[in-house]
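Chain by chain, the residues run as shown.
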Amino acid sequence: MSLNLDRFRQWFLAVFVGGVLIFVMAPLFVTLAMSFSDSYFVAFPPQGLTIRWYQQILTDRYFLSALALSGYLAFGSTICALLIGIPAAMALARGRFPGRTILQGIILSPLIFPELVAGLALMQVLSAAGMVDARLNLLIGYTLVAAPYVVRAVTTSLLLVDANLEDAARTLGANRFVTFWKVTLPQIAPGVAAGAVFAFMISFDNLPMALWLADSRYSPVPLMLMRQLNSVFDPSIPAMSTVIIILALSGALVVERLVGMRRAASLQP
Amino acid sequence: MLVLLLPMTLFLLLFFLLPAINLLGYSIQTQNAQGIIGAPLTLAHFAKFFTVDLYLRVLWNTLRISFWTCIYTALLAYPVAIAIVSARPTLSRVISLIVIAPLVVSVVVRAYGWQLILMAGPGGALNWLLLSIGVISEPLSLLYTPTAVVIGQVHVNLPMMVLPLAAAIGKIDPNLRDAARTLGAPWWEVFLRVTLPLSMPGLVAGVIIVFSLTAGAFVTPVVLGGPSALMLGNLIEQQIFTVFDWPFGAVISFILIFIVILLNTTLIRFVESRKFRRAQA
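An unreviewed UniProt entry lists chain A under the name ABC transporter permease, from Aliirhizobium smilacinae. Under Sequence similarities (unreviewed entry), UniProt gives the following word-for-word description of chain A: "Belongs to the binding-protein-dependent transport system permease family."

Here it is in structure tokens:
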């Protein structure tokens, strides 16, 4: 009897989880299917089979410049986030000073702070300071969002590394920089890489910041797509979406190979 | 060591803390006809928020949508988290990859995918499916309702709930479940009396993230909700870009931050409270 109940539990779990996986993948697959539809309006089921929407968007200067801008911003903000995030993570993981937990809380607080509000506040200050270059402003905003992810990923990795190895290197005469470069960095490399790829992907798809900081000349991908939704109704939108999905999922696979998506995306160490 | 913190701290101070304080300060200042913000100090903008029906309805919408998103996300996430913890390694990795990977796909794209599925008329994917297998005879109109926003938000936030739950369930000693089962408890009782209470820290962590992200959502309400499911984030955008009323935009921002911080501190205090600890022990 109890064996049967266990069987039932297993089946229930399998069917339920299967249903959730379909729920998760459904919008991505419907978008993919619609992008090949040979019709002028997006309506299910897709009609015929064509790649002309891809030909159209891959020659669309608006889409390509948005992609290029998002790529540039994601790359730039990842570099900036690494430059300020790795030293901060070192200090938080290795330092022993009063107020360390409070400071860590402040540094990680942009993770739960409503991003829409952070972006609005930033826009006000930047425009008051007379900063009108949308690309620079977007870079600052994206770095603000990406940096805490880097700090978190690197801090987590550092806590797994034996600090005694660093002390040994110092005792043997290496200075702080050499110790970091030759002893610490090789060990935390997967964490740094995961943080970097995650920061890149978050920046590539940042809408709340872009909403405030972009202007008509410089619109990153999510903002451009959002505006297109109101004015374009043919399958070029699903085609653009599919390009974005493929880029994002390739990034996810890279993270999975490096450290595992589950670890990289976890909010706790 | 402290020198290492300098760049990050300076950056946050300049581009996060000071701007946030400055913006919140606007909420009690006055904007004159030229758009300049300053004295006199006033609480009139807060009074306006809490006396106009439209704004209260948006606040209520936001709380309601965030609440139901948390409930449904948790209901979907528990079985998935249990499966990730208890399945064979390869299967577990596949499940977690499929559930977590969409996290990096643009929220705009995912909301758009749901628009295609929920679209009214026979051209929506869900209507097409249900009509062709004969479950319904008239197409449903789910799009541009609060329900559609909840569906989109559950999809967007599911990984944020699965991750902390799987981490918490993974830490539970399997012997506890086996003991309960040996003593004759049916599986649902094992869940309610062992797994659920012991995974509470994970659930709370998930609820904090999901509620905070949903309360501050912007994309899904626009793409899936339409005018009937306006949320606080959309109201902020309207006040700044359409009405140019900065103090009132600051008031709505203040209320949004207040909700998020209140939820955070209350739930964290609940997990750390002694009564709860004793109940767990």
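What to know about the overall build of chain B
The number of helices and strands found in chain B is 14 helices and 2 strands. Taking the principal axes of its C-alpha atoms as reference, chain B extends roughly 75 × 60 × 40 Å. For chain B, the proportion of its 281 residues judged to be buried stands at 47%. Sequence separation of 24 or more characterises 70% of the internal contacts of chain B that already satisfy a separation of 6 or more.

Overview of helix α6 (residues 125-132) of chain B
Of the residues making up α6(B), those classed as buried are B:Ala125, B:Leu126 and B:Asn127. Positive phi appears at B:Gly134, one or two residues downstream of α6(B), with a value of about 80°.

Observations concerning the interface of chain A and chain B
Residue-level contacts link 70 residues of chain A with 70 residues of chain B. Among the elements that take part in the side of chain A that touches chain B, helix α1 (residues 2-34) of chain A stands out by supplying 15 residues, more than any other. Broken down by class, the residue content of the side of chain A that touches chain B amounts to 56 nonpolar, 8 polar and 6 charged.

Some remarks on the UniProt feature "domain: ABC transmembrane type-1" (unreviewed entry) in chain A
According to UniProt, the "domain: ABC transmembrane type-1" (unreviewed entry) feature falls on residues 67-255 of chain A. End C-alpha atoms of residues 67-255 of chain A are separated by 21 Å, and the span's content is 81% helix alongside 0% strand.

Details of the environment of B:Ala101
Tracing the sequence through the fold places B:Ala101 in the loop between α4 (89-100) and α5 (107-118). It is 32 Å that separates the C-alpha atoms of B:Ala101 and B:Arg269, two residues lying 168 residues apart in sequence. Discounting residues that sit within four places of it in the chain, B:Ala101 has contacts with A:Leu249, A:Ala252 and A:Met261.

A look at the nonpolar core
Counting 177 residues, the largest nonpolar core has A:Val150, B:Val80, B:Ala81, B:Val162, B:Leu165, B:Val219 and B:Leu232 as the members making the most contacts within it. Top element by residues in this core is helix α3 (residues 61-94) of chain A. It accounts for 17 residues. Apart from the residues lying within four places of it in its own chain, the contact partners of B:Ala81 are B:Val162, B:Leu165, B:Ala166 and B:Ile169.

Topic: the UniProt feature "transmembrane region" (unreviewed entry) in chain A
Residue and element names in this part refer to chain A. UniProt records the feature "transmembrane region" (unreviewed entry) at residues 12-36, 72-93, 105-127, 139-162, 183-204 and 236-255, using the numbering of this structure. Taken as a whole, residues 12-36 contains 92% helix and 0% strand, while its terminal C-alpha atoms sit 36 Å from one another. Overall, residues 139-162 shows 92% helix and 0% strand. The separation of its end C-alpha atoms is 35 Å.

A word on the packing of α3(A) against helix α6 (residues 134-160) of chain A
Residues and elements named next belong to chain A. Viewed as axis vectors pointing N to C, α3 and α6 meet at an angle of 40°, and their least axial separation amounts to 6 Å. Judged by the inter-axis angle, α3 sits oblique to α6. Like other packed secondary-structure pairs, α3 and α6 cross with a definite hand, here right-handed. The residue makeup of the contact of α3 with α6, split by class, is 21 nonpolar, 6 polar and 1 charged.

Re the packing of helix α7 (residues 163-171) of chain A against helix α8 (residues 176-204) of chain A
All names here are of chain A. α8 packs onto α7 with a crossing angle of 140° between their chain directions and a minimal axis gap of 10 Å. With respect to α8, the axis of α7 lies oblique. Once α7 is placed against α8, the crossing between them reads as right-handed. Contacts between α7 and α8 involve Leu165, Glu166, Ala169 and Arg170 from the first element and Thr179, Val183 and Thr184 from the second. In terms of residue class, the contact of α7 with α8 is made up of 3 nonpolar, 2 polar and 2 charged.

Conventions adopted
- Residues numbered from 1 in each chain as written.
- Chains lettered and ligands numbered in written order.
- Predicted model: local features only at pLDDT ≥ 70, side-chain atom pairs only at ≥ 80, totals over all residues.
- UniProt positions renumbered as here; feature names shortened; annotations may be inferred.
- Helix = DSSP H or I, 4+ residues; strand = E, 2+ residues; numbered from the N terminus.
- Buried ≥ 20, exposed ≤ 12 C-beta atoms within 10 Å, placed from the backbone.
- Contact = placed C-beta atoms within 7 Å.
- Nonpolar A, V, L, I, M, F, W, Y, C, P; charged D, E, K, R; others polar.
- Core = buried A, V, L, I, M, F, W, Y, C linked by C-beta atoms within 7 Å.
- Axes fitted to C-alpha atoms, helices over the stretch in contact; angles between N-to-C directions.
- Parallel < 35°, antiparallel > 145°, perpendicular 65-115°, else oblique.
- Left-handed = near helix turned anticlockwise from the far one by under 90°.

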